[in-house]
Amino acid sequence: MSTLRFAALRKSLNRKPIKIIDENKRSEIFGENVFNKSKMQQYLSVEAFKSVLDAIDNNSKIDRKEASQVAAGMKEWALSKGATHYTHWFQPLTGATAEKHDAFFEIIENGDAIERFVGSELVQQEPDASSFPHGGIRNTFEARGYTAWDPTSPAFIYGTTLCIPTIFVSYKGDALDYKTPLLRALNAIDDSATAICKFFDKNVKKVNSSLGWEQEYFLVDNALASSRPDIILTGRTLLGHSSAKGQQLDDHYFGTIPSRAMAFMRDLETECMLLGIPLKTRHNEVAPNQFELAPIFEETNLAVDHNSLLMDIMGKTAKRHNFKVLLHEKPFAGISGSGKHNNWSLSTDTGVNLLSPGKTPMSNLQFLTFFINTIKAVNDNEELVRAAIASAGNDHRLGAGEAPPAIISVFIGEQLTSVLKELESVTKGKLSPKEKTDLKLNVVGKIPEILLDNTDRNRTSPFAFTGNKFEFRAVGSMANCANPMTVINTIVAKQLKDFKIEVDKLIKKDMKKDDAIFNVIREYIKSSKNILFEGNSYSEEWQKEAKKRKLSNNNSTPEALKAKISEKTIALFEEMGVMNEIESKARYEIENDEYTLRIQIESRVLGDIARNHIVPTAIKYQNTLIENVKGLKEIFGKEFTIQAKEQIKLIKDISKHIEEINSKVDFMIEERKKANKTLDSNKKSMMYCNKVKPYFDEIRYHCDKLEMQIDDELWPLIKYREMLFIR
Ligand code: ADP
Ligand code: MG
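- Labelled according to an unreviewed UniProt entry, the chain appears under the name Glutamine synthetase type III, originating from Urechidicola croceus.
- The chain has a UniProt comment under Sequence similarities (unreviewed entry) that states "Belongs to the glutamine synthetase family."

What follows is the structure, given as structure tokens:
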């Protein structure tokens with residue numbers, strides 16, 4: 001009997017939900033462990049408080065003296081909450097978060113000890129971070145990296161550690177993390193969008209980008225998950241025959257949340273509330289043991305930090321409940337994978353959502369301006385948008401008939417499609433007063449304030465307008481949202497900048513402001529038609545149609561990543577002050593390498609499991625069959641071939657599968673060796689993608705066949721039906 005599997009099964013079957021005590025109202029504990037504005041007001045001098053606010057609202061610098069005051073206040077608050085350590089908390093390009101804890105504790109001259117935390121420790125640290133990915137930015141002789149305080153995301157206490165959100169840059173200031181380019185992109189969108197807002201309302205001084213993410217995940221019993229080397233090392237199953245019952249009955253989605261999962265969620269929600277992560281919804285997802293949670297949307301930088309923090313807390317909280325959280329985009333073949341919808345919008349400091357139709361024709365014209373510019377931005381940069389969501393895990397989802405395909409398109413709904421059609425026929429040049437009135441009353445004025453009802457019906461679109469926001473649905477569940485959000489905000493910033501130049505040009509030529517806007521918009525509608533698609537994005541017709549429209553269809557990560565270093569992309573990021581050429585190229589290297597490493601690890605694990613677990617088990621069972629056949633021969637003599645017919649067939653079958661597995665593993669290893677000799681990072685990731693990875697399915701096929709033939713008692717790996725239905 002396979003002892004590990006059955007021990008794990010016994011353990012998991014005996015589990016009870018962990019008791020959760022959450023007596024406090026959510027609103028009472030919300031933000032309790034966050035050094036937010038109200039705590040700052042309490043712990044900081046008026047001067048220091050003002051300077052932090054100014055830094056948050058206007059990007060101003062905080063000087064030394066004020067930083068010392070902030071540090072002192074922060075320390076006092078942290079100690080009052082029982083914190084003993086502090087850390088600069090940052091998001092290196094590994095995809096995880098990083099922290100190195102230092103104690104406040106310090107020995108002073110007379111041998112006594114104090115708790116110390118000074119301004120310079122708050123503002124900047126110099127972690128020896130030479131083993132974080134840098135894509136060639138950091139030379140070996142200059143291995144230092146710097147973390148620098150980001151006052152726009154508040155410090156928080158997790159456990160007994162004060163965590164200070166920071167950026168992470170090289171000695172020369174080049175970005176080594178996700179946050180730095182994101183902050184620059186948010187700056188760019190603020191500049192461009194505010195300038196456009198002034199066409200409509202002179203009082204607007206700032207535009208914020210908002211993000212509301214929706215996180216999908218799987219929960220698997222910890223004992224079951226830990227007994228599978230593939231889940232431990234790669235976050236997904238590399239083999240496993242599908243369960244007789246999967247998601248075909250649609251009986252999980254929005255169903256009653258299983259009690260152990262519910263206990264986990266409540267515990268997680270309490271943790272999140274304390275940390276100021278405004279979780280709002282929770283529900284079962286499509287696949288068995290798949291769930292989703294989503295917060296109320298927030299300013300993008302904060303929302304990104306909160307999602308990174310959440311992914312970390314999920315893992316820790318799950319342990320307490322004897323679960324393993326799988327954030328991988330495709331943990332199980334044959335059933336839905338996980339994504340992370342990024343709901344994105346722009347709002348002004350005067351409280352207007354720029355992607356929400358308003359009450360008056362003028363506010364609707366403002367809405368249309370932002371709406372159409374966003375569509376044009378995606379149209380002109382569709383390949384870069386695709387690259388922003390490229391990862392080894394997400395490749396399994398995109399185009400697999402569950403997530404959007406690898407072709408980027410925009411869905412806007414029937415009503416707005418007809419509005420665009422009308423705007424397309426606006427007269428060139430100056431508009432007659434009648435036409436303008438007509439437009440304002442009958443077209444622009446007729447956009448209802450709330451569009452939610454007749455949009456959002458197309459779940460197959462990668463980028464859908466959903467009434468008051470765009471929903472970027474192709475993002476992977478494991479991704480750091482900073483990457484897609486940096487791209488979306490940068491391309492829209494650039495587009496709005498160009499829009500302003502064109503409108504200003506027409507105004508200079510003596511055209512009225514709204515005439516000019518209508519004129520430019522009309523041309524944009526015409527030139528971005530290719531990206532609009534309302535039909536079924538899963539269909540084969542769309543693949544053909546998209547090809548005709550010359551939209552990219554980059555099916556793999558190595559293919560998609562190339563757009564990150566095209567001349568156009570490099571120029572775009574440079575112009576918008578988001579990344580210089582070195583930074584763009586470094587990220588390209590890092591992402592190619594990450595892809596290679598992930599496939600390399602999967603390939604090794606698959607080879608090991610196939611040879612060390614599956615083949616020996618198959619031989620063991622085959623030996624039992626051989627014994628059986630020998631016995632039958634003893635009893636029946638010559639006639640035994642009749643009685644042993646099926647067994648002999650099975651013996652032959654097993655030999656065939658063993659042979660296939662062994663030879664395919666050998667071929668795969670050969671391909672790995674070849675790929676490893678390649679120096680160019682993209683060529684290498686391409687080889688892993690096109691030469692190594694194809695063996696995964698072939699090896700898996702034979703292993704899964706054996707799973708169906710071999711005695712269940714002998715099978716060493718937890719089966720799909722056990723992982724997906726034990727809860
Ligand atoms: P679903 O996509 O599952 O139908 P909803 O459309 O209701 O769910 O919203 C999902 C997410 O959209 C939530 O995280 C919510 O906070 C976010 N959201 C709602 N309005 C906005 C907005 N104006 N900007 C950004 N995100 C938003
Ligand atoms: Mg959604």
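The rest of the description comes next.
**Some words on the site of ligand 1**
- Taken together, the neighbourhood of ligand 1 is formed by 15 residues, with Gly212, Ala294, Phe297, Asn343 and Ser345 sitting nearest.
- The element contributing the most residues to the shell around ligand 1 is strand S14 (residues 340–348), with four residues.
- Residue classes in the shell around ligand 1 are distributed as five nonpolar, eight polar and two charged.

**Examining the domain arrangement of the chain**
- For the chain, the assigned domains are domain 1 (21–170), domain 2 (185–579) and domain 3 (594–725).
- Between domain 1 and domain 2, the C-alpha centre-to-centre distance is 31 Å.
- Between domain 1 and domain 2, the contact holds 19 residues from the first and 16 residues from the second.
- Breaking the side of domain 1 that touches domain 2 down by element, the ones donating at least two residues are helix H2 (26–29) and strand S7 (156–158).

**A few points about helix H16 (residues 482–508)**
- End to end, H16 covers 38 Å across 27 residues, agreeing with the expected 39 Å (1.5 Å per residue, within 8%).
- One or two positions beyond H16, positive phi appears at Asp510, with a value near 75 degrees.

**Examining the confidence of the model for the chain**
- When the pLDDT values of the chain are averaged, the result is 92; 97% of them are 70 or greater.
- Confidence metrics for the complex model read pTM 0.95 and ipTM 0.96.

**A few points about helix H12 (residues 361–380)**
- For H12, spanning 20 residues, the distance from its first C-alpha to its last is 28 Å, which sits close to the expected 28 Å at 1.5 Å a residue.
- Most of H12 sits inside the fold, with 18 of its 20 residues counted as buried.

Criteria and thresholds
- Residues numbered from 1 in each chain as written.
- Chains lettered and ligands numbered in written order.
- Predicted model: local features only at pLDDT ≥ 70, side-chain atom pairs only at ≥ 80, totals over all residues.
- UniProt positions renumbered as here; feature names shortened; annotations may be inferred.
- Near = placed C-beta within 6 Å.
- Helix = DSSP H or I, 4+ residues; strand = E, 2+ residues; numbered from the N terminus.
- Nonpolar A, V, L, I, M, F, W, Y, C, P; charged D, E, K, R; others polar.
- Domains from an automatic or database assignment.
- Contact = placed C-beta atoms within 7 Å.
- Expected span 1.5 Å × (residues − 1).
- pLDDT = per-residue confidence, 0-100.
- Buried ≥ 20, exposed ≤ 12 C-beta atoms within 10 Å, placed from the backbone.

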